Amino acid sequence: ALEGRRRAEIDMARWYSLSPREQQVAALICLNYTSRQIGARLRISPETVKSHTRNLLAKFELRKRVELRELLADWDFSAWR
């Protein structure tokens, strides 16, 4: 239980290290949006989405979008829809 709490605190600190745009992209990734869909929703290019994705994954020390989804699976991103 203690390890779970520590991990949650680390994840929250990493979340707050993201820029507001990176948070938007991360939330939409967790809602299973594609780069193209995220770009259209945020009015940015898919390449810009990919750049934000690379940056936020690095901050979470992850390599793939699916790892982000798994890590934040219990977070509620419904307000981002």
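Computed from a prediction, not measured in an experiment: that's the story for all the values here.

(A) View of the pattern of salt bridges. As enumerated under the stated definition, the model contains 6 salt bridges in all. With its nearest N and O atoms 3.1 Å apart, the salt bridge here joins Arg6 to Glu3. Taken together, the residues Arg6 and Glu3, both in helix α1 (residues 2-17) and 3 residues apart, mark about one turn of the helix. In this structure, Glu47 and Lys50 form a salt bridge, with 3.5 Å as the shortest nitrogen-oxygen distance. Placement of the pair is Glu47 and Lys50 together in helix α4 (residues 46-59), with a separation of 3 residues, close to one helical turn. Lys50 gets classed as partly exposed once you look at its relative accessible area, which sits at 38%.

(B) Up close: the packing of aromatic side chains. Enumeration according to the criterion identifies 4 aromatic pairs in this entry. Residues Trp15 and Phe77 carry aromatic rings whose centres are separated by 5.8 Å and whose planes lie at 50° to one another, so their mutual orientation is tilted. Placement of the pair is Trp15 in helix α1 and Phe77 in the segment after α5 (65-71), with a sequence separation of 62 residues. What makes Trp15 buried here is its relative accessible area of 8%. Relative to Phe77, the ring of Trp75 has its centre 6.1 Å away and its plane inclined at 25°; by these criteria the two rings are stacked. Among the residues examined, Trp75 registers a relative accessible area of 23% and is labelled partly exposed. Of the residues examined, Phe77 reaches a relative accessible area of 6% and is grouped as buried. Through a chain of ring-to-ring contacts, the aromatic side chains of Trp15, Trp75, Phe77 and Trp80 assemble into a single cluster.

About the thresholds
- Residues numbered from 1 in each chain as written.
- Predicted model: local features only at pLDDT ≥ 70, side-chain atom pairs only at ≥ 80, totals over all residues.
- Heavy atoms only, no water.
- Salt bridge = Lys/Arg side-chain N within 4 Å of Asp/Glu carboxyl O.
- Helix = DSSP H or I, 4+ residues; strand = E, 2+ residues; numbered from the N terminus.
- Buried < 20%, exposed > 50% of the residue type's maximum accessible area, 1.4 Å probe, protein only.
- Phe/Tyr/Trp six-rings, centres within 6.5 Å; stacked < 30°, edge-to-face > 60°.

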